[in-house]
Amino acid sequence: MTDKHELLILPNHGDSSIVLSEASSSIVARGREDAGSLMVRKSEPRLLSAFKSLLALGGLREKSGFADRGDAIVQFGMGCDYFFGEGIPQDFPQAAIWFRKAAEQGHTGAQINLGTAYSRGLGVPQDYTQSALWYRKAAEQGDTGAQHGLGIRHAKGQGVPRDLSQAAIWYRKAADQGFATAQYDLGWLYNQGAGIPQDYAQAAAWYRKAAEQGYAGAQFRLGVMYYNGHGVPQDD
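Conventions adopted
Residues numbered from 1 in each chain as written. Predicted model: local features only at pLDDT ≥ 70, side-chain atom pairs only at ≥ 80, totals over all residues. Heavy atoms only, no water. Helix = DSSP H or I, 4+ residues; strand = E, 2+ residues; numbered from the N terminus. Buried < 20%, exposed > 50% of the residue type's maximum accessible area, 1.4 Å probe, protein only. Areas by Shrake-Rupley, 256 points an atom, 1.4 Å probe, with all protein chains shown as cover. Phe/Tyr/Trp six-rings, centres within 6.5 Å; stacked < 30°, edge-to-face > 60°. Axes fitted to C-alpha atoms, helices over the stretch in contact; angles between N-to-C directions. Parallel < 35°, antiparallel > 145°, perpendicular 65-115°, else oblique. Left-handed = near helix turned anticlockwise from the far one by under 90°. Contact = heavy atoms within 4.5 Å. Nonpolar A, V, L, I, M, F, W, Y, C, P; charged D, E, K, R; others polar. Expected span 1.5 Å × (residues − 1). Polar contact = N/O pair within 3.5 Å; in protein donor to acceptor, adjacent residues only side chain to side chain. Core = buried A, V, L, I, M, F, W, Y, C linked by side-chain atoms within 4.5 Å. pLDDT = per-residue confidence, 0-100.

**Quick notes on the overall build of the chain**
Then, number 1: From N to C terminus, the chain includes eleven helices and four strands.
Then, number 2: Among the 236 residues that make up the chain, the fraction classed as buried is 50%.
Then, number 3: For the chain, the accessible surface area stands at approximately 10600 Å², while carbon and sulfur atoms represent 48% of it.

Here is the structure:
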């Protein structure tokens, strides 16, 4: 199965006049494959913290005040700022604290970030059970990255029993929403008959969906299926 990338969610930032209440529905996942480990990558400049405007208006004290009063969006932004050292010293334990505050209020981005922190032992002890728990909370809210992440936990047996049929269920939820890596992984399960009945036609169909989004691994696998005539007419 492919190397997986887990996720860190960053607040989306359109311009300096962004309204805080609009930020909750604009989160963007960023990650990269790296030898099977989940790596966090800083966003490009246009996706810097949506909370820079608040910081510019009043500074860290005012920003912390909003967070201390229970604003989940600002708590999430504080977590991102501590995680990346944006305007304050980088501090993974503080990032995890703020992510937890927002996650407990149902903020999906914070739930994913806390799950990732537990997965990688960043600011909290590494704990796959806690990682799976927080991914599940976000996955049940329909977040595709969390659904895929929970599928990975089931595929690897990390924090949950190893169960490829459950992995397939969660991959499909994300794949149906267009998440390319989940489409690839679901194709792989169909190709291997792992956790679901082997079905080359389904494997090719899901590889194609991911391939059409530019997913290189899926493009290669789809080519192999054409070469072998598995699920598609043979064409070498």
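**Here's the deal with the packing of aromatic side chains**
Then, number 1: This model, assessed by the stated rule, comprises five aromatic pairs.
Then, number 2: Between phenylalanine 83 and phenylalanine 84 the ring centres are 5.2 Å apart and the planes differ by 75°, which places this aromatic pair in the edge-to-face class.
Then, number 3: Judged by its relative accessible area of 7%, phenylalanine 83 is buried.
Then, number 4: Ring geometry for phenylalanine 83 versus phenylalanine 92: centroids 4.8 Å apart, planes at 50°, classification tilted.

**Describing the packing of helix 7 (residues 144-156) against helix 8 (residues 164-176)**
Then, number 1: Contact pair helix 7 / helix 8: the axes reach a minimum separation of 8 Å and the direction vectors enclose 165°. Classified by the angle their axes make, helix 7 and helix 8 are roughly antiparallel. When you trace helix 7 past helix 8, the crossing you get is left-handed. Each of Thr144, Gln147, His148, Leu150, Gly151, Ile152, His154 and Ala155 in helix 7 lies in contact with helix 8, whose residues at this interface are Leu164, Gln166, Ala167, Trp170, Tyr171, Lys173 and Ala174.
Then, number 2: Looking at side-chain class alone, the contact of helix 7 with helix 8 contains eight nonpolar, six polar and one charged residues.

**Remarks on helix 10 (residues 200-211)**
Then, number 1: For helix 10, which comprises twelve residues, the first-to-last C-alpha distance of 16 Å matches the rise-based estimate of 16 Å (1.5 Å per residue) to within 8%.
Then, number 2: When we look at burial in helix 10, the residues that qualify are Ala203, Ala204, Trp206, Tyr207, Ala210 and Ala211.
Then, number 3: Those residues of helix 10 that are buried lie in contact with helix 8, helix 9 (180-192) and helix 11 (216-228).
Then, number 4: Among the residues of helix 10, the N-terminal cap falls to aspartate 199, whose side-chain oxygen and the backbone nitrogen of alanine 201 are separated by 3.1 Å.

**Here we look at the nonpolar core**
Then, number 1: In terms of nonpolar packing, the biggest core is built from 29 residues, with Tyr171, Leu186, Leu189 and Tyr207 touching the most fellow members.
Then, number 2: Residue assignment for this core shows that the elements contributing at least two residues are helix 7, helix 8, helix 9, helix 10 and helix 11.
Then, number 3: The greatest single-element share of this core, amounting to seven residues, is contributed by helix 9.
Then, number 4: Beyond its immediate sequence surroundings of up to four residues, leucine 186 is in contact with Ala168, Tyr171, Arg172, Ala175, Ile196 and Trp206.
Then, number 5: Formed by 22 residues, the second largest nonpolar core is a distinct cluster that contains Phe83, Phe99, Ala102 and Trp134.

**Section: the environment of alanine 194**
Then, number 1: Along the chain, the position of alanine 194 falls in the loop between helix 9 and helix 10.
Then, number 2: Look at alanine 194 and you get buried, because its relative accessible area is 14%.
Then, number 3: The spatial distance from the C-alpha of alanine 194 to the C-alpha of aspartate 163 is 9.7 Å, given a sequence separation of 31 residues.
Then, number 4: Excluding its chain neighbours within four sequence positions, the residues that come into contact with alanine 194 are Leu164, Trp188 and Leu189.

**Here we look at helix 8**
Then, number 1: Taking 1.5 Å as the rise per residue, helix 8 with 13 residues should run 18 Å; its terminal C-alpha atoms sit 18 Å apart, in good agreement.
Then, number 2: Of all the residues in helix 8, the buried ones are Leu164, Ala167, Ala168, Trp170, Tyr171, Ala174 and Ala175.
Then, number 3: Once helix 8 finishes, glycine 178 follows within two positions and takes phi at roughly 95°, a positive value.

**Comments concerning the side chain of histidine 148**
Then, number 1: Position of histidine 148 relative to the elements: it lies in helix 7.
Then, number 2: In this structure the side chain of histidine 148 is engaged in a polar contact, spanning 2.7 Å, whose partner is the side chain of aspartate 185.

**So, the confidence of the model for the chain**
Then, number 1: Per-residue pLDDT for the chain averages 77, and the proportion of residues at 70 or more is 70%.
Then, number 2: A low-confidence stretch, residues 1-5 stays under pLDDT 50, and its non-local contacts, those more than four residues away or across chains, total 23 contacts.
Then, number 3: Segment residues 11-58: pLDDT under 50, and 102 contacts once partners within four positions in sequence are set aside and those in other chains are kept.

**A few points about the packing of helix 4 (residues 92-103) against helix 5 (residues 108-120)**
Describing two packed helices takes the angle between their axes plus the distance from one axis to the other.
Then, number 1: Taken N-terminus to C-terminus, the directions of helix 4 and helix 5 make an angle of 140°; their axes are 8 Å apart at the nearest point. What the angle tells us is that helix 4 and helix 5 run oblique. The element helix 4 and its partner helix 5 pack so that their crossing is left-handed. Residues Ala96, Phe99, Arg100, Ala102 and Ala103 of helix 4 form the contact with helix 5, whose own contacting residues are Ala110, Gln111, Asn113, Leu114 and Tyr118.

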